[in-house]
There are 2 protein chains.
Amino acid sequence: MQTPFPTGQAVRLACRTGAWTTPTTGLAPGYEQANLVILPREHAFDFLLFCRRNPRPCPLLDVTDPGDPEPRDAAPGADLRTDLPKYRVWSKGEVAAEPMEITNLWRDDWVSFLIGCSFTFEHAMLAGGLPVRHIEQGRNVPMYDTNIACRPAGRFAGPLVVSMRPMTPEQAIRAEEICERFPNSHGGPVHVGDPERIGIRDISRPEYGDPVDIRRGEVPVFWACGVTPQAALRRAGLTVAVTHAPGHMFLSDLRGGESGEATKG
Amino acid sequence: MQTPFPTGQAVRLACRTGAWTTPTTGLAPGYEQANLVILPREHAFDFLLFCRRNPRPCPLLDVTDPGDPEPRDAAPGADLRTDLPKYRVWSKGEVAAEPMEITNLWRDDWVSFLIGCSFTFEHAMLAGGLPVRHIEQGRNVPMYDTNIACRPAGRFAGPLVVSMRPMTPEQAIRAEEICERFPNSHGGPVHVGDPERIGIRDISRPEYGDPVDIRRGEVPVFWACGVTPQAALRRAGLTVAVTHAPGHMFLSDLRGGESGEATKG
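If you're wondering where the values come from, they're calculated on a predicted model, not measured in any experiment.

## As for the interface of chain B and chain A
Listed by partner, the interface residues are 26 residues for chain B and 26 residues for chain A. Roughly 2,000 Å² is buried in total at the junction of chain B and chain A, and carbon and sulfur atoms are behind 45% of that figure. Considering only the surface of chain B that becomes buried against chain A, Arg41(B), Phe45(B) and Arg52(B) emerge as the three largest contributors, covering 35% of it. A salt bridge links Asp65(B) to Arg53(A); the nearest nitrogen and oxygen atoms lie 3.1 Å apart. Connecting chain B to chain A are 8 residue pairs in polar contact (both at pLDDT 80 or more). For the side of chain B that touches chain A, a count of residues per class yields 11 nonpolar, 3 polar and 12 charged.

## Comments concerning the pairing of strand S7 (residues 159-167) of chain B
The two faces of a sheet get side chains in turn, since along a regular strand they alternate between them. All names here are of chain B. Of all 9 residues that make up S7, 9 are buried, and the element is covered over most of its length. Direction of pairing for strand S6 (residues 143-149) relative to S7: antiparallel, over a ladder of 4 bridges. Bridged to Tyr 144 within S7 is Val 162. Alignment of S7 against strand S9 (residues 219-224), held across 6 bridges, turns out to be antiparallel. Bridging across to S9, Pro 166 finds its partner in Pro 220.

## Focus on the confidence of the model for chain A
Residues and elements named next belong to chain A. Overall, the prediction assigns chain A a mean pLDDT of 94, with 96% of residues at 70 or greater. Confidence drops under a pLDDT of 50 for residues 259-265, and excluding neighbours within four residues, the segment shows 17 contacts in the predicted structure. If you check the scores for this complex, the pTM reads 0.90 and the ipTM reads 0.85.

## A few points about the sheet that holds strand S7 (residues 159-167) of chain A
Residues and elements named next belong to chain A. Pairing is antiparallel in the open sheet, where 4 strands are placed in the order S6-S7-S9-S8. Either end of the sheet is taken by a strand with one partner, and the two such strands are strand S6 (143-149) and strand S8 (191-192). Of the strands in this sheet, S6 and S7 are in contact with helix H6 (residues 228-236), which crosses S7 at around 145 degrees.

About the criteria used
- Residues numbered from 1 in each chain as written.
- Chains lettered and ligands numbered in written order.
- Predicted model: local features only at pLDDT ≥ 70, side-chain atom pairs only at ≥ 80, totals over all residues.
- Heavy atoms only, no water.
- Contact = heavy atoms within 4.5 Å.
- Buried area = accessible area lost by both parts, 1.4 Å probe.
- Salt bridge = Lys/Arg side-chain N within 4 Å of Asp/Glu carboxyl O.
- Polar contact = N/O pair within 3.5 Å; in protein donor to acceptor, adjacent residues only side chain to side chain.
- Nonpolar A, V, L, I, M, F, W, Y, C, P; charged D, E, K, R; others polar.
- Buried < 20%, exposed > 50% of the residue type's maximum accessible area, 1.4 Å probe, protein only.
- Helix = DSSP H or I, 4+ residues; strand = E, 2+ residues; numbered from the N terminus.
- Pairing = 2+ DSSP bridges.
- pLDDT = per-residue confidence, 0-100.
- Axes fitted to C-alpha atoms, helices over the stretch in contact; angles between N-to-C directions.

In structure tokens, the structure reads:
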């Protein structure tokens, strides 16, 4: 696959200058893509505990010091205020705006969390001959709320959110083998086959992202998703919070499959 | 080795009733032993971040909700106010008291952290034919401040603290093989051989615990130690904090070598 952005840094610079404003699926193969959550310090302990208690949807790649917009572990020199293609600004549990940067909003007590993303292993799926339908169709990945509850922590609680990629059952087995090598990017699927079993009533209407075609002989395959904290933010109703817009990820300098908490000890 | 306490729960009950008030080395073989740190909620985020940034000395086994004295992951039903043999109450960076329980001090905003301990793998060392000198000599393990700096987080910073067990160089290699199977109990040694190299000037005068004999042909072998947070607490100077007394650990229900963060995701 050709890409104009061979590295995470190249994607960040394109976002910073406003040259890239759309989803990041397929960009910078091999680099760890990350979900972003920014919260006032007063809520940071509860949220860090929420991530600790829900490691499958929330594998932490980096946590910044309060007020520091630079993720020093995941991408030294990067700026979390400008280096994503699109943000969501949350006010009392609702999305109040979707700006391209948040420099003017930044506050000294804000703590940033970077959480692994399944976009990271899509290049390995493609290299292994597996389909990634939303890339084929030029869309954002479909994401759904489920009936699987996260373990709560303080004000944070809510459903597991999943991403979906359709494929044949044989391909799903191969996908599991590949994705288990990426524990910091959610690892293998959490469910294969029956959307209703995990509380998804209409597979053609994802809560986040775009629907994609499911072809004859294919089943939907679901992965834990780093949008899970956004479902928790909706319930928590904090005065202010910032996240990435779903599908519009932060590109780190970490290499997928070898990065993050598990290998940094 | 005979022990009157075959399980973690048996040790906890003996501590709760006041029947056991001394170090826990050698007790309840196979159960994960744990260091304890209790802090007011306002400092909990910084401390959780400190543990995240220093996973070798601070592998987290459990983090409680504020005000909850029960470690629901590590030992459901246990009570962190009574179930350790001896505590340290810290005031402004100094040890103010070493009580046998802390029920009357407990506050609704206290958060408890349980951190893995190298006592957990000593039974495996003994089973592998390796010496554990402080058990042989009926003493507490010797522990030392080093010149290796931890990564800071907020108010928490300070030196890595290590525990020491003397053995021959051949035995040290075998110890490394055994202990690497216990990543939640600090894993393999951080240094073998030269105390001065890591800033220890007098091996016969440990900062914590008791000195032990080093015999002809033996070298000191050092492991990262969960007393590291106590060195950080000394510097942080919080109004109040509580820890275990060094060597006087919490016995969990987790089985050493298979428990904790790495395997709970």
